[in-house]
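Examining the three-dimensional arrangement
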Amino acid sequence: MPPFDPIASPTVRVADHREPAFVFPAEAEAARRKVAEFAARTGRRPNLLVVLFDDVGWGDFGCYGGGVAVGAPTPVIDRLARRGLRLTSCYSEPSCSPSRATLLTGRLPRRHGLHRPPMYGEPGGLQGELTLAHLLAEAGYATQAVGKWHLGENIESQPQHVGFDDFFGFLSVSDMYTEWRDPFFFPEIVYSEARTEWVRNMPFNKCFVHATRGGSPENVEEVTIPVLSQLDDRWCDYSVDFIRRMAGADKPWFLYHGTRGAHFDNYPHARYLGTSPARHPYKDTILELDDVVGRLVRALEESGQLERTLIFISSDNGPHMENWPDAAHTPFRSAKGSTWEGGVRVPGIFVWPGMIEAERVSDGLLAFSDLFPTFLGLAGAGDRIPTDRYIDGVDQASFLLGADGLSCRKYQYYWLVETFSALRVGEYKWVLSSTSDDDTDVHAPGGFTGVTQRYTYARLYHLYLDSKESRSYFTRKLAYNEVFVEGLRQHLRTFRTYPPKKIMGIGAG
């Protein structure tokens, strides 16, 4: 048998409603035994902790080449990354709500319907979806959500109605609470009583809330600018209390912790204001987020739960460059809102002491959708993966738990709202359409300010040689055409049986 190669090797489709994946039988069996031994040793399945930052870039942390070099050291995250697996090709969706819904459902935005973030009371949410929290709760897990939600304010899409036992956070996104209160950004609203009242009457909740399973949210406090600066600190306290409380529980838990930072506009807690070498609010916030991770990990260590907990740390998308310099750092092209690598390639760190080997770095592909089947499998709930809908995620347990595990994902699909954009296999990215990002269109362009452009002929980028995606040489690499055409054909064919869903904007059902 020829050696494994992500382009030349075939995948296996485990079911018609599941994404085809590479299968490594020996590695999969070794991972299965490892999990079984863990369950026998501890008498339980692993706890699952997801820490999802907001708008933090691939290059912000020191372990990704940032840190001190970009004016914000991240010693805690760097040390933690050395204790596990650091991914260099972890993929979100182009913006926050699509990414979060994909992580929780295992489905691409074209399937769950959240193509972009809902804003200022706009309809859109998780109605009709089965989440990771739903299925873990059915499998006996305690489920807790803390921090940013932004997956729909309608009651049926709120955390306490989609599988979480408890929620403490806000339902929307940082700037919606504060931007119109800041005279630097919105003087025409701040200095106008009529416009201030107009915003106050918009149909979105101005408070952060608390809710328990099946109930209605109760307002905790209105999110003014001073309150916003305290949210990551208060939310971290809430998660730490949950971790400590669960130390004596007889069930495993799933904690989904979404930070406020570092989404614009950043108003760091007073303890961090001006403390970064960059002396800038965004960089100060990165220091605060590093400390948040440290507090969560200390709570796990002090309560004796660290070895029983699988930790995943990432960001929901790349930098939001339209509001530079209150923006993240990435070495890749473009930014949030785009399907260029800068918009969707994000940090991805997995830590599970004793289970995931330390000091690992891999460029194997991992998509946010993969967490759904992977976590369910590790929780002993793989049989709960729904069969009435298409699941885009692939089980990556053998990748995570193997000594030198290979990614089980062959294709990374890039969707630009409702337009298919690109396909990655191995080191190559095949691009059919994108959003423009040159300054002949608008000044200081970012991922949200371009225009959709379709190419007459496909473009092909070698991401190892050209991370900026600046040199297409498809006509010199036509031998690869079939792997991309066949991958796209298979992908689009799934939408015939499982039609796309549209729940937002004009024309939504």
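Structure first, text after, so check above.
Residues numbered from 1 in each chain as written. Predicted model: local features only at pLDDT ≥ 70, side-chain atom pairs only at ≥ 80, totals over all residues. Heavy atoms only, no water.

Right, let's talk about the side chain of K336 for a bit. Within the secondary structure, K336 sits in the loop between β8 (309-315) and α12 (341-344). Look at K336 and you get buried, because its relative accessible area is 3%. Side-chain polar atoms of K336 contact the side chain of D55, separated by 3.1 Å. (Helix = DSSP H or I, 4+ residues; strand = E, 2+ residues; numbered from the N terminus. Buried < 20%, exposed > 50% of the residue type's maximum accessible area, 1.4 Å probe, protein only. Polar contact = N/O pair within 3.5 Å; in protein donor to acceptor, adjacent residues only side chain to side chain.)

All right, on to a nonpolar patch on the surface then. A cluster of nonpolar side chains, V12, V14 and V23, forms an exposed patch at the surface whose accessible area comes to about 250 Å². Note that V12 resides in the segment before α1 (25-42). Overall, V12 belongs to the partly exposed group, its relative accessible area being 40%. (Patch = residues over 30% accessible without salt bridge, like charges linked within 9 Å, V, L, I, M, F, W, Y side chains within 5 Å. Areas by Shrake-Rupley, 256 points an atom, 1.4 Å probe, with all protein chains shown as cover. Salt bridge = Lys/Arg side-chain N within 4 Å of Asp/Glu carboxyl O.)

Between helix α10 (residues 231-246) and helix α11 (residues 281-302), the least distance of the axes is 9 Å, while the angle of their chain directions is 15°. Classed by the angle they form, the pair α10 and α11 counts as roughly parallel. Considering only the axes of α10 and α11, their crossing is right-handed. When α10 is examined against α11, the residues D232, D233, C236, D237, S239, V240, I243 and R244 are found in contact with a partner set consisting of E288, L289, V292, R295, L296, A299, L300 and E302. When grouped by side-chain class, the residues that make up the contact of α10 with α11 number eight nonpolar, one polar and seven charged. (Axes fitted to C-alpha atoms, helices over the stretch in contact; angles between N-to-C directions. Parallel < 35°, antiparallel > 145°, perpendicular 65-115°, else oblique. Left-handed = near helix turned anticlockwise from the far one by under 90°. Contact = heavy atoms within 4.5 Å. Nonpolar A, V, L, I, M, F, W, Y, C, P; charged D, E, K, R; others polar.)

A word on the pattern of salt bridges. Evaluated as defined, the whole model comprises 31 salt bridges. Between D237 and R295 there is a salt bridge; the shortest N-O distance is 2.6 Å. One end of the pair, D237, is in helix α10; the other, R295, is in helix α11, and 58 residues separate them in sequence. For D237, a relative accessible area of 38% puts it in the partly exposed group. Through salt bridges with shared partners, a single ionic network connects D54, R100, K148 and D316.

Any functional reading would require information that these geometric values do not contain.
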